[in-house]
Amino acid sequence: STYFINRGWLLIKKDKEREALPLFDKAIDVAGQEDKWVTVSEIATNLNQMEFFEDAMTYYDRLPKNEIVDNPQVAFEYAYALEKVGRDDEAIRTYETVVKLDSFNERAWYNLGILYGKKERLDDSIAAYVTSTDIEPLYAEPYFNMGNILLTQGKYQDAIHSYTEYISLADSPEEYVYQNIGECWMELGGYDYALRFFE
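Residues numbered from 1 in each chain as written. Predicted model: local features only at pLDDT ≥ 70, side-chain atom pairs only at ≥ 80, totals over all residues. Heavy atoms only, no water.

A. Quick look at the overall build of the chain. The helix and strand tally for the chain stands at 13 helices and 0 strands. Along its sequence from the N terminus, the chain presents helices and strands in the succession α-α-α-α-α-α-α-α-α-α-α-α-α. Based on the C-alpha atoms only, the size of the chain along its principal axes is roughly 70 × 35 × 25 Å. Within the chain, buried positions represent 44% of all 199 residues. If you take every contact in the chain between residues at least 6 apart in sequence, the share linking residues at least 24 apart comes to 43%. In the form shown here, the chain has an accessible surface area of approximately 11000 Å², with 48% of it arising from carbon and sulfur atoms. The average position of the 19 basic charges and that of the 37 acidic charges among the side chains of the chain differ by 9 Å. (Helix = DSSP H or I, 4+ residues; strand = E, 2+ residues; numbered from the N terminus. Buried < 20%, exposed > 50% of the residue type's maximum accessible area, 1.4 Å probe, protein only. Contact = heavy atoms within 4.5 Å. Areas by Shrake-Rupley, 256 points an atom, 1.4 Å probe, with all protein chains shown as cover. Lys, Arg positive; Asp, Glu negative; His and termini not counted. Charge placed at Lys NZ, Arg CZ, Asp CG, Glu CD.)

What follows is the structure in structure tokens.
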């Protein structure tokens with residue numbers, strides 16, 4: 001089994017993905033019953049982390065449900081793959097399973113925030129981002145996304161606060177965050193502040 005897996009990864013490194021997948025299938029076929037699902041999961045997770053999301057899904061979809069829901073890390077990777085292939089409703093359900101298994105997974109809460117936002121569940125989205133930053137206060141991205149939602153909701157002071165937190169934490173803040181803060185100040189009547197941020 002290991003032989004076929006290693007050959008498969010070697011082919012992927014040579015950009016021969018189509019040739020690698022049959023070797024992964026062979027590795028699964030020859031794996032002992034005890035190792036079969038571990039092998040499938042490892043192949044899926046590695047493909048996922050290499051951003052071969054569609055291929056990863058073909059392996060994740062072979063796993064029995066309990067092999068996913070009983071393992072927070074596998075469930076997280078599966079949810080991420082679902083998200084990347086556009087199966088958002090399934091991704092949400094899976095991330096919700098992840099945070100039940102591991103309530104301190106700030107990445108799962110953050111990704112839930114993104115997906116809730118896509119579904120216009122804005123209050124749920126903000127709650128997920130807040131939970132993410134409660135777990136990891138130095139996590140910049142949730143503050144930026146919260147600011148965007150608060151801006152669209154007309155909660156300009158809260159949006160400014162969120163954007164300011166983002167700027168203080170981000171290594172390289174998105175440039176248009178300053179434009180967004182300027183818009184908030186303009187809506188609040190703080191035209192001098194708005195001009196500074198627009199500049």
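B. Structural detail: the pattern of salt bridges. For the structure on display, the rule yields 8 salt bridges. Ionic contacts of the salt-bridge type, sharing partners, join the residues Glu17, Arg18 and Asp55 into one network. (Salt bridge = Lys/Arg side-chain N within 4 Å of Asp/Glu carboxyl O.)

C. Structural context of the packing of aromatic side chains. Counted under the stated rule, the structure contains 11 aromatic pairs. Taking the centre distance of 6.1 Å and the plane angle of 55° together, the rings of phenylalanine 144 and tyrosine 163 count as tilted. Linking phenylalanine 144 in helix α10 (residues 141-152) with tyrosine 163 in helix α11 (residues 156-169), this pair joins segments that are 19 residues apart in sequence. Judged by relative accessible area, phenylalanine 144 falls into the buried class, the value being 8%. In textbook terms, an aromatic cluster arises when at least three aromatic residues are bridged by ring pairs, as seen for Phe144, Tyr163, Tyr166 and Tyr176. (Phe/Tyr/Trp six-rings, centres within 6.5 Å; stacked < 30°, edge-to-face > 60°.)

D. Representation of the packing of helix α6 (residues 72-84) against helix α8 (residues 106-118) within the structure. Axis separation between α6 and α8 bottoms out at 11 Å; the angle between their running directions is 25°. With respect to each other, α6 and α8 are oriented roughly parallel. In the crossing of α6 with α8, the sense of the turn from one axis to the other is left-handed. Where α6 approaches α8, its residues Phe76, Tyr80 and Glu83 are matched on the opposing element by Arg107, Ala108, Asn111, Ile114 and Leu115. Considering only residue class, the contact of α6 with α8 consists of 5 nonpolar, 1 polar and 2 charged. (Axes fitted to C-alpha atoms, helices over the stretch in contact; angles between N-to-C directions. Parallel < 35°, antiparallel > 145°, perpendicular 65-115°, else oblique. Left-handed = near helix turned anticlockwise from the far one by under 90°. Nonpolar A, V, L, I, M, F, W, Y, C, P; charged D, E, K, R; others polar.)

E. Layout of a nonpolar patch on the surface. Together, Met186, Tyr191 and Phe198 make up an exposed nonpolar region whose accessible area comes to about 310 Å². Following the sequence through the fold, tyrosine 191 ends up in helix α13 (residues 191-198). (Patch = residues over 30% accessible without salt bridge, like charges linked within 9 Å, V, L, I, M, F, W, Y side chains within 5 Å.)

F. Region of the structure containing helix α3 (residues 33-49). Helix length check: α3, at 17 residues, gives a terminal C-alpha distance of 25 Å against a target of 24 Å (1.5 Å per residue), a fit within 8%. Along α3, the positions that sit buried rather than exposed are Thr39, Val40, Ser41, Ile43, Ala44, Thr45, Leu47 and Asn48. Buried residues along α3 sit in contact with α1 (2-13), α2 (17-30), α4 (53-60) and α6. (Expected span 1.5 Å × (residues − 1).)

G. Region of the structure containing the side chain of glutamate 83. The topology assignment puts glutamate 83 in helix α6. As a buried residue without a salt bridge, glutamate 83 has its nearest oppositely charged side chain in lysine 84, at a separation of 5.3 Å. Within polar-contact distance, the side chain of glutamate 83 engages the side chain of tyrosine 95 at 2.9 Å. Setting aside residues no more than four positions away along its own chain, glutamate 83 makes contact with Asp88, Ala91, Tyr95, Asn111, Ile114 and Leu115. (Polar contact = N/O pair within 3.5 Å; in protein donor to acceptor, adjacent residues only side chain to side chain.)

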